Amino acid sequence: MTENALVVVGSNSSKKLAEFEPELEVIQKLSAKAEKALKGHHTRVHQALVATYKLCLELQELEMLTLFIGQKVKSISAKQKTNDFHELVGIAFPTTRDDSKSQYRKILKYAQEEDWSVQQFRQAFLSGETLKTLYARALESEKTSGDSRTEDDASEKFEQAKQVLDAQSLGSVTGLQTNAMKPHTVHGYAHAVVRQTTNGAEIVGFLPAGPQATFERALISLVPSITDRTERRLTKKRLYAFFVICDVFKRIQPDRENVIAQLEAMSAMQSTLEVTGNESKDEVVQVLRDRQQGQAKAKKGSKVTIKNIEKAKQVLWLTKQDGNAATIVENGTVLPSMIGLEAQIPWETFRQKARILRMAADDVHNFASDFLRQLEWEDEHTSQLSHLTCSDGGTLKYAFPSVAPGREGFRLLKTGAEPEYEFSLTKGVLNELQSWRETFKKSLPRNSNRRFPTLLNVTEENEYLYVHFPDNPSEKQKLGKISSTEQSTMPLGSDWLVHTRQLESVISLGIDYGMTFEGKLLSMAGAPFGIELNCELPTGPCKMTLPLVVGLAGGFVENTDMFVPPAALPAPSQDVDPNSDTVPN
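Let me sum up the structure you'll find in this document. Along each chain, residue indices are assigned from 1 in the same order as the chain's sequence is written. The predicted origin of the model limits local features to residues at a pLDDT of at least 70 and limits the giving and counting of side-chain atom pairs to 80 or more, whereas totals for whole chains, interfaces and linings rest on all residues. Excluding hydrogens and water, the side-chain values take into account all heavy atoms of the structure.

Okay, the overall build of the protein chain next. Assigned secondary structure in the protein chain consists of 17 helices and 20 strands. Within the span of the protein chain, comprising 585 residues, buried residues form 40% of the whole. As presented, the protein chain carries roughly 33200 Å² of accessible surface, and 51% of it is formed by carbon and sulfur atoms. Only DSSP runs of H or I covering at least 4 residues are called helices, and only runs of E covering at least 2 are called strands; the numbering of each starts at the N terminus. For every residue, the accessible area obtained with a 1.4 Å probe (protein chains only) is divided by the maximum for its type, and the residue is called buried under 20%, exposed over 50%, and partly exposed between those limits. All accessibility values rest on the Shrake-Rupley procedure with a 1.4 Å probe; residue burial counts only the protein chains present in the view.

Moving on, we get to the pattern of salt bridges. Salt bridge criterion: a side-chain nitrogen from Lys or Arg within 4 Å of a carboxyl oxygen from Asp or Glu. Evaluated as defined, the whole model comprises 14 salt bridges. A salt bridge links E129 to R137; its shortest N-O distance comes to 2.8 Å. Its relative accessible area of 17% is what places E129 among the buried residues. The exposure class of R137 is partly exposed, given its relative accessible area of 31%. One salt bridge connects R437 with E504, and the closest N-O pair in it is separated by 2.9 Å. In this pair, R437 is assigned in helix α16 (residues 427–443) and E504 in helix α17 (residues 500–513), connecting sequence segments 67 residues apart. One network of salt bridges, in which partners are shared, links R238, E378 and D379.

A helix is expected to span 1.5 Å for every residue after the first. The terminal C-alpha atoms of α16, which comprises 17 residues, lie 24 Å apart, in line with the 24 Å expected from a rise of 1.5 Å per residue. The angle between axes fitted to the seven residues ending at a residue and the seven residues starting there is what we call the bend at that residue. At W436, α16 shows its maximal bend, which comes to roughly 45 degrees. Taken together, the buried positions of α16 are occupied by K427, G428, V429, L430, N431, L433, W436, R437 and F440.

A few words on the sheet that holds strand β2 (residues 189–197). Sheet architecture is open: 3 strands sit in the order β1-β2-β3, paired in antiparallel fashion. The sheet is open, and its two borders are formed by β1 (185–186) and β3 (200–207), each paired with just one other strand. The rule for pairing is simple: two strands pair if DSSP sees at least two bridges between them.

Our next topic: the nonpolar core. The nonpolar side chains of soluble globular proteins are, as a tendency, buried together. By nonpolar core we mean a set of buried residues, namely Ala, Val, Leu, Ile, Met, Phe, Trp, Tyr and Cys, connected to one another through side-chain atoms within 4.5 Å. Membership of the largest hydrophobic core comes to 71 residues, with the highest contact counts inside it found for F242, W377, L479, I531 and M544. The biggest single contributor to this core is helix α11 (residues 240–252), with 10 residues. Two residues qualify as a contact provided that any one of their heavy atoms is within 4.5 Å of a heavy atom in the partner residue. Sequence-distant contacts of I531, defined by excluding residues within four places in its chain, comprise F423, V458, L479, V498, K520, L521, M544, T545, L546 and L548. Core analysis: the second largest hydrophobic core is formed by 27 residues, V45, I69, L88 and Y466 among them.

Right, let's talk about the sheet that holds strand β8 (residues 377–381) for a bit. Pairing in this open sheet of 3 strands is antiparallel, and the strands run β8-β9-β10 from one edge to the other. Single-partner strands in this sheet number two, and they are β8 and β10 (397–401). Pairwise comparison of adjacent strand axes, ignoring direction, gives a mean angle of 15 degrees for this sheet. Across 5 bridges, the pairing between β8 and strand β9 (residues 385–390) is antiparallel. Note on β9: the bridge partner recorded for W377 is C390. Against the sheet, helix α15 (residues 361–370) makes contact with β8, β9 and β10, and its axis sits at roughly 145 degrees relative to β10, the strand it touches most. Under this scheme, a helix contributes an axis fitted over its contacting stretch, all axes are lines through C-alpha atoms, and angles between N-to-C directions fall in the 0 to 180 degree range.

Looking at where T327 falls in the secondary structure, it is placed in strand β5 (residues 327–332). Among all residues touching T327, those that are not within four sequence positions of it are L318, T319, K320, A343, Q344, I345, W347 and Q352.

The alternating pattern of β8 places W377, D379 and H381 on a buried face, while none of E378 and E380, on the opposite face, is buried. Remark: 3 residues form the turn of the hairpin made by β8 and β9, two consecutive strands paired antiparallel.

Attention now moves to the environment of T333. If you trace the backbone, T333 turns up in the loop between β5 and β6 (340–345). Overall, the relative accessible area of 0% leaves T333 in the buried class. For the pair formed by T333 and L316, sequence separation is 17 residues and the distance between their alpha carbons is 9.0 Å.

Attention now moves to the packing of aromatic side chains. In this scheme Phe, Tyr and Trp rings, the latter by its six-membered ring, pair at centre separations within 6.5 Å, and the angle between planes marks the pair as stacked below 30 degrees, edge-to-face above 60, and tilted otherwise. This structure, assessed with the given rule, holds 21 aromatic pairs. Summarising the aromatic geometry, the rings of F367 and W377 are spaced 5.1 Å apart at their centres and angled 70 degrees between planes, so their arrangement reads as edge-to-face. With F367 in helix α15 and W377 in strand β8, the pair connects residues that are 10 residues apart, well separated along the chain. The pair formed by F367 and W377 is uniform in burial state, with each residue classed as buried. Three or more aromatic residues joined by ring pairs form one cluster here, namely Y240, F242, F243, F350, F367, F371, W377, Y398 and F400. Above the plane of the ring of F371 lies K237, whose end atom (NZ or CZ) is 4.5 Å from the centre. Residue placement shows K476 over the ring face of Y466; its charged tip is 4.7 Å from the ring centre. Both a distance and an angle decide whether a charge sits over a ring: NZ of Lys or CZ of Arg must be within 6 Å of the ring centre and within 35 degrees of the ring normal.

As a rule of thumb, non-glycine residues mostly have phi less than zero, and peptide bonds are mostly trans rather than cis. Notably, D115 is not glycine yet its phi reads approximately 60 degrees, a positive angle. You can see D115 is positioned in the loop between α5 (98–113) and α6 (118–126). For D115, a relative accessible area of 42% corresponds to the partly exposed category. Residues other than glycine seldom take positive phi values, yet N462 does so here, at roughly 50 degrees. Summarising the element assignment, N462 is placed in the loop between β13 (455–461) and β14 (464–469).

Take a look at the structure:
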């Protein structure tokens with residue numbers, strides 16, 4: 001009989017097994033006692049951490065934290081500069097293991113960065129959070145501590161590796177039965193299965209190459225001198241500050257789908273209102289509503305074409321200040337909706353001489369991509385233009401011309417909005433918002449038709465601002481903790497809507513650059529206006545303003561409270577491209 005086989009228990013066996021029952025009862029009592037003690041231990045640790053957090057906040061309020069620590073330790077560690085709880089944990093938990101102390105320090109620092117009150121920290125444990133879950137959150141937040149990206153050198157390495165491989169050979173194979181074993185080639189190379197023989201080797205067949213990027217990396221690995229080359233951090237490259245501005249601008253541009261939707265709405269808004277005089281009042285109102293929401297049919301000849309799409313780009317202006325003061329960066333658009341950008345770039349990192357430079361979106365987009373390659377960049381400046389060339393011999397170059405101060409034909413961010421709420425958007429909140437879409441997808445049952453909404457409602461609840469699904473308010477995420485002292489006189493409701501993709505683009509910037517945001521919910525003339533998000537880029541202060549859509553259930557329309565054209569808005573079918581830049585001779 002095997003060890004795990006089932007047996008038939010007879011009367012004698014039952015009596016014998018019954019003798020083991022007291023031993024089992026002793027084990028169960030011991031395990032229950034241990035579990036109770038462990039639970040009590042965890043509870044006491046939680047209480048001690050909350051008390052430590054409270055003590056630190058009180059000492060900081062009195063500006064006596066360093067003085068208090070100095071009386072308890074011989075010398076203060078340099079790590080205290082990056083974590084206010086470093087020494088305090090060592091004092092409060094003197095006999096605790098070092099790995100546990102490190103865990104406690106990270107958890108306390110995370111609570112501080114999330115701006116939790118003592119009660120909120122205590123409530124986190126009471127609501128089911130554990131040391132393990134809070135530590136995981138702390139580690140996730142710690143990852144977003146700055147721009148850690150490196151050069152994307154795969155394409156450069158592949159071209160160089162291919163040159164080496166093209167010049168070498170281990171022998172040739174002829175007479176392939178191409179009909180029976182046609183190779184799957186990538187750049188003239190294939191993934192072959194080889195059988196070793198007495199005289200050498202034979203090709204048995206070919207495997208699919210798989211994803212092209214994966215296959216290219218496999219070819220690179222055949223040339224160790226290229227494979228082992230180290231990629232540089234982007235922050236170490238020249239013109240990094242200028243790249244940051246281009247990267248931010250590139251990310252906040254609308255994607256092709258949103259551009260098409262906005263152009264179609266513009267065409268509908270410009271269509272002729274045709275009425276016969278026989279329509280009822282309700283029918284006329286419906287036609288006007290359709291025009292406002294961009295749902296009316298566009299007039300003949302106002303189709304959205306590739307040419308229209310190419311013209312629907314945003315532009316970037318760099319305005320030099322007197323002396324060596326930081327250069328002002330602003331954007332404009334010909335579309336009804338955009339994220340307003342106001343930033344700075346230190347003049348010494350990009351020494352433009354022209355008063356105002358205008359950069360077409362395509363050039364900004366391409367430079368932001370080219371900067372990721374293993375190339376070094378040089379910049380030259382005259383009073384007429386700024387010129388960029390790369391180290392590959394000059395095949396890549398960009399020129400940004402000097403332009404007049406006017407902004408004719410573009411929509412600009414309107415000034416004069418009033419803050420209704422001020423709030424803080426922490427790293428923890430950013431991480432939760434970033435994973436929201438993916439978490440939603442995973443929660444859907446198979447064959448579900450639900451989609452993540454294109455617009456999100458902005459609401460206020462228990463001292464926090466939330467964004468939620470318009471069709472289901474229970475599906476929500478925190479947008480930030482309200483930090484303003486005065487209550488808003490304008491109640492939030494279904495009319496406060498933000499574009500999901502625009503919000504996600506700003507969130508991704510916060511994650512990649514390790515930033516937090518100080519936000520303001522803005523109104524103008526008694527109507528929703530926008531969400532202002534202030535942060536510190538590596539180049540300096542930056543403000544991004546997301547437009548709020550007023551109860552239009554997803555329709556792309558011009559928000560007159562948000563963006564105003566300084567001149568007449570050109571129709572999408574206009575032949576003159578307002579974004580075209582002519583480089584002076």
